[in-house]
Structures are given as structure tokens and as C-alpha cells.
Amino acid sequence: MKNKILVTGGAGYIGSHTCIALHEAGYDIVVYDNLSNSSPEAIKRVSTLIDQPIEFIEGDIRDAESLKQVFTAHHFFGVIHFAGLKAVGESVAKPLMYYNNNVSGTITLLEVMSEYDVKNLVFSSSATVYGDPENLPINEESPRSCTNPYGQSKLAVEHILEDLAKSDDRWNLIALRYFNPVGAHPSGQIGEDPNDIPNNLMPYISQVAVGKLKQLSIFGNDYPTVDGTGVRDFIHVTDLAQGHVAALNYLEQQTSPEKSCLDTASTKQTSSKSSSVGFLPINLGTGKGTSVLELISAFSDVSGQAIPYQFTARRAGDIASCYASANKAKSSLGWQAKLPITDMCQDTWRWQSMNPNGYNIS
Ligand code: NAD
Ligand code: UFG
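The rules we used
Residues numbered from 1 in each chain as written. Chains lettered and ligands numbered in written order. Predicted model: local features only at pLDDT ≥ 70, side-chain atom pairs only at ≥ 80, totals over all residues. Heavy atoms only, no water. Helix = DSSP H or I, 4+ residues; strand = E, 2+ residues; numbered from the N terminus. Contact = heavy atoms within 4.5 Å. Salt bridge = Lys/Arg side-chain N within 4 Å of Asp/Glu carboxyl O. Pairing = 2+ DSSP bridges. Axes fitted to C-alpha atoms, helices over the stretch in contact; angles between N-to-C directions. Near = heavy atom within 4 Å. Polar contact = N/O pair within 3.5 Å; in protein donor to acceptor, adjacent residues only side chain to side chain. Areas by Shrake-Rupley, 256 points an atom, 1.4 Å probe, with all protein chains shown as cover. Buried < 20%, exposed > 50% of the residue type's maximum accessible area, 1.4 Å probe, protein only. Nonpolar A, V, L, I, M, F, W, Y, C, P; charged D, E, K, R; others polar.

Draft legend 1. Examining the environment of Q242 more closely. By secondary structure assignment, the location of Q242 is in helix 8 (residues 237–255). For Q242 and T18, which are 224 residues apart along the polypeptide, the C-alpha to C-alpha distance reads 7.2 Å. Once you skip the residues sitting within four places of it in the chain, Q242 turns out to touch A21 and W335.

Dropping the structure here:
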């Protein structure tokens, strides 16, 4: 058995897929989630898929006492920290809720990690920290700026992690900046299950395809892009999950005593401490942009369903194009996305058509 990992937010969309990837890679996992945006059914299905019970603790990352109980009961190598609120529009209406949950919650988690001397973290950041990019593809050195409280909360956590790494070189902190996660597990058993009407494009398309929603509104057809609609870097959630495994492998290699000895031998320095990762931001994207119209066409092809749409005004805060430079993920983690748009659509469609009401099975 490999190292034990705490997965905050592990019942959610990306977390549930990552739990499977971690299990397959041999990690021992403990999921900690307050279920504010997820269902116990997701945990049940992950357990069925991996044919093993999941150790699940219902708790809030802002609750230090509850976290301490978990850290007392388990010896963790590190934490993958998905827990957070993610709806941009809601964050504009309820900024305090977002800062409290995403920023204060992360500070509480880091304080408890520090107390228990667990200093390895993989944090869910977002391409939103790049704001409206000056250059494409976007690399990790691009300037950061945000226009909404959700994005600000991600950026604030990145700044906190940077300061923490500077303050003490025993911290090893990777911020994975996700581009646009879509798709579902190929079994069709787990996937994205938004509450109410989806804000994001892929779940909206799939709900139109399954007949839950009448038609899609395309927000703007006058962007300076291939066909006037917005361009994004869609990435399959199972590829994203593998990116987390690669990040953990990297942390293990960098912090292992053998690595430290090798480094010491090769540089002929004498040092007793392991090498430190510090703060390491890494894009997780495919490096390829796809327009809204191209995604609709691909989805329609694989599902055999018509996707009626109308063009409407641009959505406030949207940018024309956003896609990653995926070079750093490849060179530092040895990871790259594998699955094409057709698989993203096929797997989303399988999940949506097998579970028209998501995890709400009553
Ligand atoms: P999700 O809402 O499906 O999962 C987040 C999970 O965190 C949920 O299960 C929720 O119940 C839990 N949670 C929220 N607040 C909590 C708290 N205070 N204590 C404990 N648990 C809490 O979202 P997701 O799409 O799986 O996203 C995971 C992470 O990735 C989030 O931090 C999100 O901001 C980030 N991210 C997501 C996207 C995306 O498009 N899905 C893009 C970039 C970054
Ligand atoms: N779009 C539509 N109609 C819809 C929904 C979206 O035309 O009903 C368009 C948008 O205008 C945009 C594209 O589809 O051009 C993608 O929009 P999404 O809402 O799916 O994704 P965004 O790129 O706007 O934002 C998402 C997350 C953010 C995250 C960002 C980068 O919602 O939280 O990706 O990771 F920060």
C-alpha cells in the first residue's frame, strides 16, 4: 500500500473521479466533505467502482476540531484539496460566503496540516486566475488578475501558499490550474451533477440533449475567434484525475530521502534536509482550444441528438479565448492529457442519459 492521502471535497465532481484514479494508483484515501454541493450517492458509487468501501468523513474544512480528529486518527503523506465553492455568479452575490469557505477554510486546513507536520498539498486552482489573458497559449508565468470573488478566492489562496512556501521550506505546495473540466467516468456511474440550471456549457448541452432543457443560449457570436463563439480548453475529468496522481508522485519523489541523497551527491553539498518543492503552479489543460459551436457539433454527432440553440448577448465577465500551455505539466510531472473532445462528449452523454436526474435517484 502506498501513502495515505486526505481528499477534501472528494465527494464532488473532480474529487470523485480523482478518488478512483488514486485508488488505482495504489494510494490509501480518506475523503472529507461537508456534502454542501455533493451527494453521498457519489461516494457509494465510487466504492462500488473500486470494489472497496471508502473511508468517508462528513465534515467542514472550517471546523478545526473536526479536522484535528481526522489528522489524529490517520498518518497522511499529504492532502489533495478540492473542497470549495465554485459558482462565479453566486460568488458575486455572496462574496463573504466565498471568501469564508474558500479562503478561511483553506487557512484552517493549512493550520491543522502544519500542527500535524503534514506539509504536502495539491490545491485546486483555476485558469480563472489568469483573467483575460494577454497571450495564448497561457503559461504559468502569465500575469494573474481576477474580476469576481470566486476567482479572487483562488488567487488569494495561491498568494497564501506562495507566502507559506517562502516562510518555511518544508512546505511542498502544488497549485493545479484547471482549464475547463468536462466528461465523466466511462462507466457512466459518476459525473457532474449541477444543482438547478447549469451555469457551464457542457452540462447545459447535455441537459438539452436529454430533453431536460429546451435550448441552449450561446453567449455571443461576435468574439474574435474561429467562428465568433468563445474558445476554451476542455479537458476530460479522468485526464485531470491522472494529473493529480502525477502531482502526488512528483511530491513523493521530490521529498523522498533517496532524492535528497542523490541531490546532495550530485551537487557535492552536505545537507541533511529533503529538497523542497516550495510553491509550484501547473496548468492542467490539453493545450487545444475548442469553440462553443465546435463542442455542440461534436456532442450532437456522438449522441445523435439535435442541440437547438440561439445566439444571445455576451455573458458579463466572459473572455474570448482561453487555452493552456501544457508544457510545464509534461516536463515537470510527466503528465499530458490524452482524451479528445469526442471522448469528453461520449462520456458526458453516457452519464447524462443513464442518470437524467444525476444522483437524485428517488
Ligand atoms: P464540486 O462542487 O463538485 O466539489 C467540491 C466539493 O467540495 C463538494 O463535494 C462540496 O460538498 C465540498 N465542499 C465545499 N465546501 C466545503 C467545506 N467548507 N468543507 C468541506 N467540503 C466542502 O466542484 P468540482 O467541480 O469538483 O471542483 C473541485 C475544485 O476544483 C473546487 O475547488 C473548484 O473551485 C475547483 N475548480 C473547478 C473547476 C470546474 O470547472 N469544475 C475549474 C477550476 C477549478
Ligand atoms: N456558454 C454559453 N452558454 C452557456 C454556458 C456557457 O454560450 O449556457 C459559453 C461561455 O460564454 C463560454 C463557454 O461557453 O464562452 C464556456 O463557458 P463555461 O461557463 O462552461 O466555462 P468558463 O470558461 O466561463 O468558466 C469555467 C468555470 C470557471 C473557471 C473557468 C476556468 O465556470 O469557474 O472555467 O477554469 F474558472
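Draft legend 2. Examining the pattern of salt bridges more closely. Tallying each qualifying case throughout the model produces 16 salt bridges. The shortest N-O distance in the salt bridge between K119 and D117 comes to 3.3 Å. Taken together, the shared-partner salt bridges connect D117, K119, D168 and R170 into one network.

Draft legend 3. Seen up close, the sheet that holds strand 3 (residues 55–58). Taken in spatial order, the seven strands make up an open sheet running 3-2-1-4-5-6-11, and their pairing is parallel. Looking along the sheet, the strands with just one partner apiece sit at the ends: strand 3 and strand 11 (278–284). Ignoring which end each strand starts from, the neighbouring axes of this sheet average 20° apart. Pairing of strand 2 (residues 28–33) with strand 3, which is carried by four bridges, proceeds in the parallel orientation. Paired with V30 across the two strands is E55, which belongs to strand 3. Against the sheet, helix 1 (residues 13–24) engages strand 1 (4–8), strand 2, strand 4 (78–81) and strand 6 (172–178), with an angle of about 165° to strand 2.

Draft legend 4. Structural detail: the site of ligand 2. Among the 21 residues in the neighbourhood of ligand 2, the closest are listed as N200, S217, R232, R315 and D318. The side chain of N200 places a nitrogen or oxygen atom 2.7 Å from an oxygen atom of ligand 2. Side-chain polar atom of D318 to an oxygen atom of ligand 2: 2.5 Å apart, as the coordinates give it. Against a free-state accessible area of 680 Å², the protein chains account for coverage of 89% of ligand 2. Secondary structure elements with two or more residues in the shell around ligand 2: helix 7 (201–209) and strand 8 (216–219).

Draft legend 5. Inspection of unusual backbone geometry at higher detail. Note that the residue after L136, namely P137, is joined by a cis bond; omega there is -10°. As for its position among the elements, P137 is in the loop between strand 5 (120–126) and helix 6 (149–167). The backbone phi angle of D51 is positive, close to 60°, even though this residue is not glycine. For D51, a relative accessible area of 69% puts it in the exposed group. Positive phi values are uncommon outside glycine, yet D196 reaches one of about 55°. Residue position: D196 is located in the loop between strand 7 (180–182) and helix 7. According to the relative accessible area criterion, D196 is exposed, its value standing at 70%.

Draft legend 6. Region of the structure containing the pairing of strand 8. The alternating pattern of strand 8 places L216 and I218 on a buried face, while none of S217 and F219, on the opposite face, is buried. Direction of pairing for strand 8 relative to strand 13 (residues 309–312): parallel, over a ladder of four bridges. Bridging across to strand 13, F219 finds its partner in T312.

Draft legend 7. Representation of the site of ligand 1 in the model. Surrounding ligand 1, one finds 27 residues, the nearest of these being D33, N37, S38, K86 and Y150. N34 is positioned with one of its backbone polar atoms (N or O) 3.1 Å from a nitrogen atom of ligand 1. Contact with the protein chains removes 95% of the 820 Å² of surface that ligand 1 exposes when unbound. Ranked by the residues each element gives to the shell around ligand 1, the list is headed by strand 5, at three residues. A breakdown of the residues in the shell around ligand 1 according to their chemical character gives ten nonpolar, twelve polar and five charged.

Draft legend 8. Structural view of the side chain of H81. Tracing the sequence through the fold places H81 in strand 4. H81 sits in the buried class, given a relative accessible area of 0%. Ignoring any residue separated from it by four or fewer positions in sequence, one finds H81 in contact with T8, I61, T106, L109, L121, V122, F123 and S124.

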